[in-house]
Amino acid sequence: MYDGMLAETVQITGDGGDLIAAYLARPLAPGPLPGVVIAHHMPGWDEWTKEVARHFARNGYLALCPHLFHRDAPDASPDDAAAAARANGGAPDDRVMGDLGGAVATVRALTNSNGKVAVLGHCSGGRQAYLSACRLPIDAAVDCYGGGVIMPDENLSPAMPVAPIELTPQMQAPLLGLFGNEDRFPTAEQVDQIEETLKANGKTYEIHRYDGAGHAFFCTVRPSYRVEAALDGWERIFTFLGHHLAA
């Protein structure tokens, strides 16, 4: 069987009609294929995140990762754009939702799409995936150790005015959450609270936790990488998305 994919930097329409950079990886197959939009982690729109997109494409998904820090430093490297975004307090939630919504629309419009799209994110992107499940018309969401789903009032800001957990009653998409029990952001206690809130609101969800794993246990280029947790997590991601994104 022929096995090929195309991976490239493209431009998509994001929040407010702005053109932003995005990384698209897609199988060279007629489809119809499911899609996943990737919200990159706080370190930025980096090579590891692009490899995540290629991994999805190798497994039969249309994968698109928008550069959520594009406007913070349009002519800078992804690392410098991430530093600029962090200095600004992070990408504003409304802008991120506009960018991710534009990415979802882009994937659905591809000629070999089956119309089903999930949002997946790691770290800050996990928080944004949770937020997407509450605010965007998507078919599934995957939160990989998203810190900031629970936020004390003193951490709220004009850019992030509401803690995503407060929007749980509005959640429409099924959610998969993957967390390390050694993480400090979110803590194990916060994961307990997230699960209790999802259950109390009657949402469709799965929560899986890993002993011996902390933050960023999926990231193969960081010392925090934990191979057993990551391999199990990938298996759970593909099982979950395979169920919820079937045509």
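Note: the structure precedes this text.
The paragraphs below set out a description of the structure included in this document.

What to know about helix α4 (residues 124-135)
Thinking step 1. Here α4 contains 12 residues, and its C-alpha end-to-end distance of 16 Å stays within 8% of the 16 Å for a straight helix at 1.5 Å per residue.
Thinking step 2. By the criterion of burial, α4 is predominantly enclosed, with 11 of the 12 residues buried.
Thinking step 3. Of the residues making up α4, those classed as buried are S124, G125, G126, R127, Q128, A129, Y130, L131, S132, A133 and C134.
Thinking step 4. Where α4 is buried, its residues meet β3 (33-39), α3 (93-109), β5 (113-122), β6 (140-144), β7 (175-180) and α5 (188-200).

Notes on the packing of helix α1 (residues 47-58) against helix α6 (residues 227-244)
Thinking step 1. One way to put it is that α1 packs onto α6 with a least axis distance of 12 Å and a crossing angle of 55°. Between α1 and α6, the angle falls in the class oblique. Here α1 runs over α6; the crossing is right-handed. Where α1 abuts α6, its residues V52, H55 and F56 lie against W234, I237, F238 and L241.
Thinking step 2. Split by residue class, the contact of α1 with α6 holds 6 nonpolar, 1 polar and no charged.

Notes on the pairing of strand β1 (residues 5-13)
Thinking step 1. Of the pairings in the sheet, the one linking β1 to strand β2 (residues 19-27) comprises 9 bridges and is antiparallel in character. When the sheet's bridge partners are listed, V10 is paired in β2 with A22.
Thinking step 2. Here β1 hands over to β2 after 5 residues, with G16 in that stretch at a positive phi of 65°.

Details of the packing of α3 against α4
Thinking step 1. Relative to each other, α3 and α4 sit at 75°, their axes nearing to 10 Å. The angle between the axes of α3 and α4 places the two elements in the roughly perpendicular class. Between α3 and α4, the residues in contact are D93, D94, V96, M97 and L100 and R127, Q128, L131, S132 and R135, respectively.
Thinking step 2. Across the contact of α3 with α4, the residue classes break down as 4 nonpolar, 2 polar and 4 charged.

As for the pattern of salt bridges
Thinking step 1. Here the structure, examined in full by the defined rule, presents 12 salt bridges.
Thinking step 2. Between R54 and E51 there is a salt bridge, with the nearest N and O atoms lying 3.0 Å from each other. In this pair, R54 and E51 both sit in helix α1, 3 residues apart, roughly one turn of the helix.

Some thoughts on unusual backbone geometry
Thinking step 1. With an omega dihedral of 5°, the bond running from G31 to P32 counts as a cis peptide bond.
Thinking step 2. Checked against the element boundaries, P32 lands in the loop between β2 and β3.
Thinking step 3. Here the amide bond leading from F185 into P186 is cis, since omega sits at 15°, within 30 degrees of zero.
Thinking step 4. Inspection of the secondary structure assignment puts P186 in the loop between β7 and α5.
Thinking step 5. The phi torsion at C123 lies on the positive side, around 60°, for a residue other than glycine.
Thinking step 6. Within the fold, C123 resides in the loop between β5 and α4.
Thinking step 7. Phi at Y145 is positive, roughly 45°, even though this residue is not glycine.
Thinking step 8. Inspection of the secondary structure assignment puts Y145 in the loop between β6 and β7.
Thinking step 9. Here Y145 falls in the buried class, since its relative accessible area comes to 1%.

What about the layout of surface pockets?
Thinking step 1. Roughly 290 Å³ of internal volume is contained in the largest pocket.
Thinking step 2. Broken down by element, the lining of the largest pocket gets its largest block of residues, 3 residues, from α4.
Thinking step 3. Class assignment for the residues of the lining of the largest pocket results in 10 nonpolar, 10 polar and 1 charged.
Thinking step 4. The volume enclosed by the second largest pocket comes to roughly 150 Å³.
Thinking step 5. Forming the walls of the second largest pocket are W48, E51, V52, H55, R58, F218, T220, Y225, A230, L231 and W234.

Calculation rules
Residues numbered from 1 in each chain as written. Predicted model: local features only at pLDDT ≥ 70, side-chain atom pairs only at ≥ 80, totals over all residues. Heavy atoms only, no water. Helix = DSSP H or I, 4+ residues; strand = E, 2+ residues; numbered from the N terminus. Expected span 1.5 Å × (residues − 1). Buried < 20%, exposed > 50% of the residue type's maximum accessible area, 1.4 Å probe, protein only. Contact = heavy atoms within 4.5 Å. Axes fitted to C-alpha atoms, helices over the stretch in contact; angles between N-to-C directions. Parallel < 35°, antiparallel > 145°, perpendicular 65-115°, else oblique. Left-handed = near helix turned anticlockwise from the far one by under 90°. Nonpolar A, V, L, I, M, F, W, Y, C, P; charged D, E, K, R; others polar. Pairing = 2+ DSSP bridges. Salt bridge = Lys/Arg side-chain N within 4 Å of Asp/Glu carboxyl O. 1 Å grid on protein atoms, 1.4 Å probe; cavity = no way out; pocket = protein on both sides within 12 Å on 5 of 7 lines; lining within 4 Å. Points joined across faces, edges and corners; volume = space filled by probe spheres on them.

Remember, this is a structural readout, not a statement about activity or role.
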